[in-house]
Structures are given as structure tokens and as C-alpha cells.
Amino acid sequence: MYVYKCVSIYSPPSPSLSCLSDHHNRPLPCVPLSESNPVVHLRETRKRRGSFVVSLSATMSACKDQDPRIHGIKTKIRVVPNFPKPGIMFQDITTLLLDPKAFKDTIDLFVERYKGKNISVVAGIEARGFIFGPPIALAIGAKFVPLRKPRKLPGKVISEEYILEYGRDCLEMHVGAVEPGDRALVVDDLIATGGTLCAAMNLLERVGAEVVECACVIELPELKGRDRLNGKPLYILVEYH
Amino acid sequence: MFAEEDGLKGDPRLQAISEALRIVPHFPKPGIMFQDITTLLLDHKAFKGTVEIFVDRYRDMDISVVAGVEARGFLFGPSIALAIGAKFVPLRKPKKLPGEVISEDYELEYGTDRLEMHVGAVHPGERALVIDDFVATGGTLSAAIRLLSKLKDIACTLWTTYFSHSLQYFVHSGKFSVLVERVGAEVVECACVVGLPEVEGQSRLNGTPLYILVGPQLRERPC
């Protein structure tokens, strides 16, 4: 088990997201920032062996670990060792979905962040992004666009190839689903290396949408996926070290 | 049965859903007129109406599990589950679920496919709803019903390992069937957004009720 907390120096919100507050209308201590004004977070992490590590990291997204709902969400995520291959500690969100309160809290945290921010499209990455994306889209009044593996979408598509650890993969989106000027949120269950999210953002930007933020339940920060998001903010609920 | 026959005749939400669907000819292969629900997801009001109709129907039916069939069942199931306070269980293609699974094979036109569910996701006697976007022959939904209803392998192992003597007694005494019939969940209904006319006459799938919002879109619209 590990614990972490996030302390930051407050800075003004970025121009693309108006001032955010938590569900009690208190200003969040960590907010997305413009590139000219980064925030440095001090983060304490207790490694599983029990030793403390203090690390500095620049981040461009909020963390909500002071929210009491986060603990309930974190404890519901199951880690499955050696899936899909030896050495991988798979973050299984299906156990989160079995707890109606924790699942609702997960969606509520995203909805509270994005409601009223003029997000017109939520793009979810197949398949686990389909579980979190639509409830968020419905709650904030946005359309939902599925981003799929090749040959799943029936109509005319645009495709974006991306690199995997071994080989390549491809993400597709229907032509006409997203229009120039749409403000988009990209949703997936987890960010690892950031390759899939990067491909998703490219698809949306190629058709003229503005990607406002990427949102995931879980981040594996050691894989530095947020560095592959071309400076776009990333919002996550839970980190796994 | 179709929603129009079951109290929603003339409901404007059904018309909005029908109009939001898109037909894509010859996908995934020649001759198939594919019912595309992605255009429904682009219409916030119609998508919201879709979920509302299902939620209104299932809210008071004491359903504790909503099982969605990968992948388009994932687009509707979680919202329904959240609104009615049920858990959501994904039913997935092989080798996608990371934990221990039970599986069910089913027939395709050419060959077979398989659905999997995590062991322990569903408990004996739970009341379940199965959701998918589309029903044609009912093969996938029938597999989902069997998966949710079946004996779990773990339950079988437990009985035989720890109660082998008792088991023999129960088998011989005819009590075995009573012991096992309640191990699975009870699938209360299968629900789909779109259904083909072939299933119109079938209000049930192997005895499980089937509820469909609309029939197929027949007119192509510009992509």
C-alpha cells in the first residue's frame, strides 16, 4: 500500500478553463495553468517498503486527493499481476464498477470539473473509455464520440496510427462526428505511456477541434505519459506507482 | 417486445431515437444494412432520452446488476446502472478481462464466438439486466443470459471438493437440482436500442423477456 499527498503553490487558472472549485465551492489548490506559469508540486510518496521519497514534479493538472471520495475509488481498483503479460501490474477498473457509490463518485468528480466549461464533445477511447465517457457526456450536455480500433466504425473514418512497445496500432473516428471549433475532452480509464491519448488528441485536432483536457481515472506517472500530450493538461483521480 | 407496444406509443423520445440512427449499407460485409448508433450519441437530447426510457423502466425492478455486452453495450449500460444504483458488469470478448473468468460460446453465421465475465462479479440470486445496442438473431444476448445464469466453476469445485460425500447423497436423493438452481443470477430482461423485425415476434429469448426501443432505420442519410 502507498499513500501520497499533494501540496502546491496556488496559481491563477489557465485561460482555457475558468476557475475551478471542488464540490463545496472551495477553490482547488492545484489548477491547470498556462504554459507561462507552471506550478511545482511537492509530493510525498511512501514506497511499498515503507521508506519516504520526496520528489518534485511539474504538473499541469489538478489533483483531488484531498477529496474524501478519492480514497474510496482508489481502494476499489484491483491490481492483477502479470496481465496481459509477465511483469505488467494491470489496473483493473471492473471492481470499481461493482461498487455503485464509488463508480458514481468517479463520474461525479469528472462532471463537477467539466460542467459549465462549454465542452461540446467527450471522446472516449475503446473500450474502457466507453464506460466513463458517456455518463460524463450526458451529465455535462456534450455529445459522445467513440474512438475505435480499426474496422469497427461503419461509416467513413479518419485514422491515426501510433507506436506501441512492439509494433503499431491505429485509432479511428467517424468523419463528421466532430466539427471545427468543438471543445473536446478525451476520456480513458488509464494513461500509461500516453500513446493512445496522443493519437486521440491528434484525431480531434485534425478535424479542427480544441482539446481542452485529457481525463483518466488512473495514471502510471513513472511511464511519463503526460509528457506525450503536447502540453495539453491531464486530469487524473488516482496515481499508481 | 417493442417499447411502442408497451406503454410508449407516440412517445416523442422514440421518434427522436429513430431519426438519430444511421443506416450504413454493406457493413461489415455486402448485404448487411448496419444500424449505426454512433449518430444517436451525437444527439445529446436523443441519447439522454434513450437512457431515461431504460431508467424509468428498470428503476423499480430491484435490479442489482446491469451487464453490458462489449463494446456498444458499454455505451448505454453504465449510465443506466448509475441511475438505478446497480453495479455494472462488462461482458467481454476473450482475453480482455484480467482476472479469473467464466465464459460462454455462441454460434455466429460462420464459426463461433465467446463472451466472458469475471468470476465473482455477480452473486447467486442477483437480478440482472443485459444491455446491448442491437439485437438481430438474439445469439449474443442468449449467450449473455447463459453466462449470467450458469453455475460458476468455482461453485462446482467447492461442492465437489468439500462436500463430495454430501454431494453423492444429494445426487442420489434427487436434491442436487435444488442445490444448484439458484447459483446463477436471474436475468430479468434483455434491453436493446434497436431490434430487427426477425425478433419482433419474439418477446422472449429462451424465456427471458426482450425489450427493444425502436425498429431498424430504413433510410440512408448523408454521412
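Since the model is a prediction, treat every value here as computed from it, not as a measurement.

1. A look at the interface of chain A and chain B
Size of an interface: often given as the accessible area lost when the parts come together. Taken together, the 35 residues of chain A in the interface contact 34 residues of chain B. Each partner contributes to the roughly 2800 Å² buried at the junction of chain A and chain B, and carbon and sulfur atoms together form 71% of this total. By the criterion of area lost to chain B, the three top residues of chain A are Leu98(A), Leu138(A) and Pro154(A), representing 23% of everything that side buries. Put simply, chain A and chain B have zero salt bridges between them. For the interface between chain A and chain B, the tally reads seven residue pairs in polar contact (both at pLDDT 80 or more). The set of elements that each furnish at least two residues to the side of chain A that touches chain B consists of strand 4 (78–81), strand 5 (89–92), helix 2 (94–97), helix 3 (100–114), helix 4 (129–140) and strand 7 (143–147) of chain A. Per-element tally for the side of chain A that touches chain B: the top contributor is helix 4 of chain A, with six residues. A breakdown of the residues in the side of chain A that touches chain B according to their chemical character gives 22 nonpolar, four polar and nine charged.

2. Some points on the environment of Val193(B)
Residues and elements named next belong to chain B. Tracing the chain through its elements places Val-193 in strand 8 (residues 186–195). Residues Val-193 and Pro-90 lie 103 residues apart in sequence; the distance between their C-alpha atoms is 17 Å. When neighbours within four sequence positions are excluded, Val-193 is seen to be in contact with Ile-17, Leu-40, Thr-50, Phe-54, Phe-76, Asp-132, Asp-133, Ile-212, Leu-213 and Val-214.

3. A look at helix 4 (residues 73–84) of chain B
Given 3.6 residues per helical turn, the α-helix brings residues three or four places apart onto the same face. Residue and element names in this part refer to chain B. The end-to-end C-alpha distance of helix 4, which contains twelve residues, comes to 16 Å, matching closely the 16 Å that a straight helix rising 1.5 Å per residue would cover. Taken across its twelve residues, helix 4 has ten buried, putting it largely inside the fold. For helix 4, every residue scored as buried is listed here: Gly-73, Phe-74, Leu-75, Phe-76, Gly-77, Pro-78, Ser-79, Ile-80, Ala-81 and Ile-84. Two residues or fewer after helix 4 comes Gly-85, characterised by a positive phi angle close to 75°.

4. Structural notes on the packing of aromatic side chains
Pairs of aromatic rings are described using the distance from one ring centre to the other and the angle between the two planes. All names here are of chain B. Scanning the model with the defined rule gives ten aromatic pairs over all chains in all. Consider the rings of Phe-54 and Tyr-211, whose centres lie 6.5 Å apart with planes at 70°: the pair is edge-to-face. Residue Phe-54 is found in helix 3 (residues 44–58), and its partner Tyr-211 is found in strand 10 (residues 208–214); the two are separated by 157 residues along the sequence. The two residues Phe-54 and Tyr-211 agree in class, both being buried. Just above the ring of Tyr-211 sits the side chain of Arg-57; from NZ or CZ to the centre is 3.7 Å.

5. Side note on the side chain of Glu70(B)
If you trace the backbone, Glu70(B) turns up in the loop between strand 3 (65–69) and helix 4. Accessibility expressed as a relative area gives 11% for Glu70(B), which makes it buried. Engagement of the side chain of Glu70(B) in a polar contact is seen with the side chain of Lys96(B), the distance being 3.2 Å. Setting aside anything within four residues of it in sequence, one finds Glu70(B) in contact with Ala127(A), Leu91(B), Arg92(B), Lys93(B) and Lys96(B).

6. Notes on the state of the cysteines
Across all of its chains, the model carries zero disulfides over all chains by this definition. No disulfide involves Cys170(A); its sulfur sits 13 Å from that of Cys198(A), the nearest cysteine.

7. Digging into the pattern of salt bridges
The final tally for this structure, using the stated rule, is 33 salt bridges over all chains. Two residues, Lys104(A) and Asp108(A), come together in a salt bridge whose shortest N-O distance is 3.0 Å. Here Lys104(A) pairs with Asp108(A), and both are found in helix 3, just four residues apart, close to one helical turn. With a shortest N-O distance of 3.4 Å, Glu210(A) and Arg183(A) are connected by a salt bridge. Here the residue Glu210(A) occupies a position in strand 11 (residues 210–219), and Arg183(A) occupies one in strand 10 (residues 183–191), the gap between them amounting to 27 residues. Relative accessible area serves as the criterion here: at 32%, Glu210(A) is assigned to the partly exposed category. Three or more residues joined by partner-sharing salt bridges are found here, namely Asp11(B), Arg13(B), Lys48(B), Glu52(B), Asp56(B) and Arg59(B).

About the criteria used
- Residues numbered from 1 in each chain as written.
- Chains lettered and ligands numbered in written order.
- Predicted model: local features only at pLDDT ≥ 70, side-chain atom pairs only at ≥ 80, totals over all residues.
- Heavy atoms only, no water.
- Contact = heavy atoms within 4.5 Å.
- Buried area = accessible area lost by both parts, 1.4 Å probe.
- Salt bridge = Lys/Arg side-chain N within 4 Å of Asp/Glu carboxyl O.
- Polar contact = N/O pair within 3.5 Å; in protein donor to acceptor, adjacent residues only side chain to side chain.
- Helix = DSSP H or I, 4+ residues; strand = E, 2+ residues; numbered from the N terminus.
- Nonpolar A, V, L, I, M, F, W, Y, C, P; charged D, E, K, R; others polar.
- Expected span 1.5 Å × (residues − 1).
- Buried < 20%, exposed > 50% of the residue type's maximum accessible area, 1.4 Å probe, protein only.
- Phe/Tyr/Trp six-rings, centres within 6.5 Å; stacked < 30°, edge-to-face > 60°.
- Lys NZ or Arg CZ within 6 Å of the ring centre and 35° of its normal.
- Disulfide = S-S within 2.5 Å.

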